Amino acid sequence: MLEVCEIFRSISGEADWQGYVCTFIRFSGCDVDCAWCDTVYAREEKGKPCSVEELVSICHANRSERVILTGGEPLLQAELPQLCLELLKNEFRVQLETSGTRLVNEVPKEVQKVIDIKPPSARAKRGFHWGNLDLLEPQDEIKIVLAERADYDWALRIMQKTGLERNPRVLLSPVAGSLEPAVLAEWMIQDNLICKLQVQLHRIIWPEVERGK
């Protein structure tokens, strides 16, 4: 069984699928505890136990070909790889959002992974698993959420050290209320970066909605 916080259908607000209608499965539980986490409820609330079969059935009922697995931290769910396999068998397109603190080696290669690297301001309780960079597939993305200039400078050093500065599928995303998108955009223009600025679309469409969007 998997511990599910909520299931809903909405517009994807981030990453490669931004703007598409998707079914979201948000899992409960997270041991990273970022300082500026925007889904604290998923970390704190006990989820509802659901089987792989139940979740696939719900996705069919929602009639969206794209399914986003998010959290919390989805990789805390032991049956997540099996869920991915069943969704793929049922011809869904699957995207996984993960904190990057756990190796994604058991996730099917066909799943598009959006993997976070947490900067210093996150004060994350678990560090990034650098082995994930060796497992990236062409469709996968790396996301770095930034709250301040120190985070940006740190991200530049990390990208240069790992070769990610040559990867256009790196996303830089400002923390809402902490770093203005226009400021981040100016920094990126000044440094002529090839990575992508990402603004959370769902927070623009539904600024007052805290969950289920």
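Quick look at the structure, then. (Residues numbered from 1 in each chain as written. Predicted model: local features only at pLDDT ≥ 70, side-chain atom pairs only at ≥ 80, totals over all residues. Heavy atoms only, no water.)

## Remarks on helix α2 (residues 52–62)
- What α2 keeps buried is the set V52, L55, V56, C59 and N62. For α2, the arc enclosing every buried residue in end-on projection is 120 degrees, short of the 170-degree limit, so these residues lie on one face. With respect to the buried face of α2, the exposed residues turned more than 90 degrees away are E53 and A61.
- Contact partners of the buried residues in α2: β1 (2–11), β2 (21–27), β3 (48–50), β4 (66–70) and α3 (80–89).
- Phi turns positive, to about 60 degrees, at R63, one or two residues after α2. (Buried < 20%, exposed > 50% of the residue type's maximum accessible area, 1.4 Å probe, protein only. Helix = DSSP H or I, 4+ residues; strand = E, 2+ residues; numbered from the N terminus. Arc of directions from axis to C-beta. Contact = heavy atoms within 4.5 Å.)

## Regarding the sheet that holds strand β8 (residues 170–174)
- One open sheet holds the nine strands; their spatial order is β3-β1-β2-β4-β5-β6-β7-β8-β9, and the pairing between them is mixed. The open sheet is flanked by β3 and β9 (196–197), the only strands paired with a single partner.
- Note that strand β5 (residues 93–98) and strand β6 (residues 112–116) share four bridges and pair parallel. Each residue of the ladder has a partner; that of E97, found in β6, is V114. (Pairing = 2+ DSSP bridges.)

## Some remarks on the nonpolar core
- By size, the foremost hydrophobic cluster in this structure holds 43 residues, and its most contacted members are F27, L69, L83, L87, I144 and L172.
- In terms of residues, this core owes the most to one element, helix α4 (residues 149–162), which gives six residues.
- Contact partners of I144, with chain neighbours within four places excluded, come to I117, W154, A155, M159, V170, L171, L172 and S173.
- Formed by seven residues, the second largest nonpolar core is a distinct cluster that contains C34, A122, A147 and V175. (Core = buried A, V, L, I, M, F, W, Y, C linked by side-chain atoms within 4.5 Å.)

## Notes on α3
- Residues L80, P81, L83, C84 and L87 constitute the buried set of α3. An end-on view of α3 places all buried positions within 160 degrees of arc, on one side of the element.
- Positive phi shows up at E91, right after α3, with a value of about 65 degrees.

## A look at the pairing of β2
- The element β2 is extensively covered by neighbouring structure, given that six of its seven residues are classed as buried.
- As defined by bridge partners, β2 adjoins β4 across four bridges and the pair is classed as parallel. Paired with F24 across the bridge in β4 is I68.

## Overview of a nonpolar patch on the surface
- Nonpolar side chains collect at one region of the surface, where L197, V199, I204 and I205 lie side by side and expose about 300 Å² of accessible area between them.
- Its place among the elements puts I205 in helix α6 (residues 201–205).
- Taking the relative accessible area as the measure of exposure, I205 reaches 41% and is therefore partly exposed. (Patch = residues over 30% accessible without salt bridge, like charges linked within 9 Å, V, L, I, M, F, W, Y side chains within 5 Å. Areas by Shrake-Rupley, 256 points an atom, 1.4 Å probe, with all protein chains shown as cover. Salt bridge = Lys/Arg side-chain N within 4 Å of Asp/Glu carboxyl O.)

## Looking at the packing of α2 against α3
- The N-to-C vectors of α2 and α3 enclose an angle of 40 degrees; their axes lie 10 Å apart at closest approach. In terms of orientation, α2 and α3 fall into the oblique class. When the axes of α2 and α3 are compared, the crossing they make is right-handed. The residues of α3 that touch α2, namely those facing V52, L55, V56 and C59, are Q82, L83, E86 and L87.
- Classifying every residue of the contact of α2 with α3 by side-chain character gives six nonpolar, one polar and one charged. (Axes fitted to C-alpha atoms, helices over the stretch in contact; angles between N-to-C directions. Parallel < 35°, antiparallel > 145°, perpendicular 65-115°, else oblique. Left-handed = near helix turned anticlockwise from the far one by under 90°. Nonpolar A, V, L, I, M, F, W, Y, C, P; charged D, E, K, R; others polar.)

## Looking at the packing of aromatic side chains
- Summed over the entire model, instances satisfying the criterion amount to three aromatic pairs.
- When the ring of F8 is compared with that of F24, the centres are 4.9 Å apart and the planes differ by 5 degrees; the resulting orientation is stacked. Of this pair, F8 sits in strand β1 while F24 sits in strand β2, and the two are 16 residues apart along the sequence. Here F8 matches F24 in class, with each residue buried.
- Ring geometry for Y152 against W187: centres 5.2 Å apart, planes inclined by 45 degrees, an arrangement best described as tilted. (Phe/Tyr/Trp six-rings, centres within 6.5 Å; stacked < 30°, edge-to-face > 60°.)

## Comments concerning the side chain of D151
- With respect to the helices and strands, the residue D151 is situated in helix α4.
- Notably, D151 is buried but unbridged: the nearest opposite-charge side chain belongs to R157, and the N-O separation is 8.4 Å.
- Only 2.8 Å separates the side chain of D151 from the backbone nitrogen of A147, close enough to count as a polar contact.
- Apart from residues lying up to four places away in sequence, D151 is in contact with P119, P120, S121, V145 and L146. (Lys, Arg positive; Asp, Glu negative; His and termini not counted. Polar contact = N/O pair within 3.5 Å; in protein donor to acceptor, adjacent residues only side chain to side chain.)

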